[in-house]
Amino acid sequence: MLWSRRHIGRQTLRCWVGLAAVAAATFAITGCTSGFQPMHASFGPGPALSDKMKSVRVTAIPGRVGQRIRNELLFQTTGDGHTTAASKYRLDVAISERVTSSIVDRQGDSLNRTYALDATFRLVDLETNQVALTGSSFGRANFQRTSSVYANVRAQRDAQNRAAGTVATDLKTRLEAYLATRA
């Protein structure tokens, strides 16, 4: 009987300590985030982030993969690529691509390859003609080689599309983070 009372007492104490820790963490987080504002929320006057994103003109990016990145960006920022908003910013993107072998069999044939896509970008403010934001992004995608030429071409193209989607999503997020702080 004595052991069970101590056991119940320890469980109750642990419960209270756990609740106190949760309450303290909640209080600390609430106090620290008084200036926090979600990017996609619109509070008060001023354009919404979606409208700011529509004011970014994405210039042409050479090559099939570059066009894929541009199309993804246009779709993610405007929905259909058409916008009536006047352009306030211009996004210039340069890409480089390479394919590396990661697994080689006994005969020296590559079985697995990695498609690497690196992109550098700069956001130019068209009113001041100054560079507002610069950075780089990357996308990596693996694909397997087989004895079929068609399957190899298709696998590499799928890897290119996956890497381009990764880069486009990263660029969109960086643009949103920058534009969310601008009026």
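This write-up is about the structure you can find in this document. Keep in mind that this is a model prediction, so the values were computed, not measured.

Things to note about the overall build of the protein chain
Thought 1: For the protein chain, the helix and strand inventory stands at 4 helices and 4 strands.
Thought 2: When the helices and strands of the protein chain are placed in sequence order, the string is α-α-β-α-β-β-β-α.
Thought 3: Long-range pairs, those at least 24 residues apart, make up 63% of the contacts in the protein chain between residues at least 6 apart in sequence.
Thought 4: Here the protein chain displays about 12100 Å² of accessible surface, and carbon together with sulfur accounts for 56% of that area.

Description of the packing of aromatic side chains
The geometry of two aromatic rings is summed up by the distance between their centres and the angle between their planes.
Thought 1: For the coordinates displayed, the defined rule picks out 1 aromatic pair.
Thought 2: Both rings, one in Tyr89 and one in Tyr178, keep their centres 6.4 Å apart while their planes meet at 85°; by these two values the pair is edge-to-face. Here the residue Tyr89 occupies a position in strand S2 (residues 89-104), and Tyr178 occupies one in helix H4 (residues 149-179), the gap between them amounting to 89 residues.
Thought 3: Looking at Tyr89, the relative accessible area reads 11%, which means it is buried.

A look at helix H3 (residues 63-78)
Thought 1: When the terminal C-alpha atoms of H3 are compared, their 22 Å separation across 16 residues agrees well with the 22 Å that a helix rising 1.5 Å per residue should span.
Thought 2: For H3, the full list of buried residues reads Val65, Gly66, Ile69, Leu73, Leu74, Thr77 and Thr78.
Thought 3: Immediately downstream of H3, the backbone of Gly79 shows phi near 90°, a positive value.

So, how was this worked out
Residues numbered from 1 in each chain as written. Predicted model: local features only at pLDDT ≥ 70, side-chain atom pairs only at ≥ 80, totals over all residues. Heavy atoms only, no water. Helix = DSSP H or I, 4+ residues; strand = E, 2+ residues; numbered from the N terminus. Contact = heavy atoms within 4.5 Å. Areas by Shrake-Rupley, 256 points an atom, 1.4 Å probe, with all protein chains shown as cover. Phe/Tyr/Trp six-rings, centres within 6.5 Å; stacked < 30°, edge-to-face > 60°. Buried < 20%, exposed > 50% of the residue type's maximum accessible area, 1.4 Å probe, protein only. Expected span 1.5 Å × (residues − 1).

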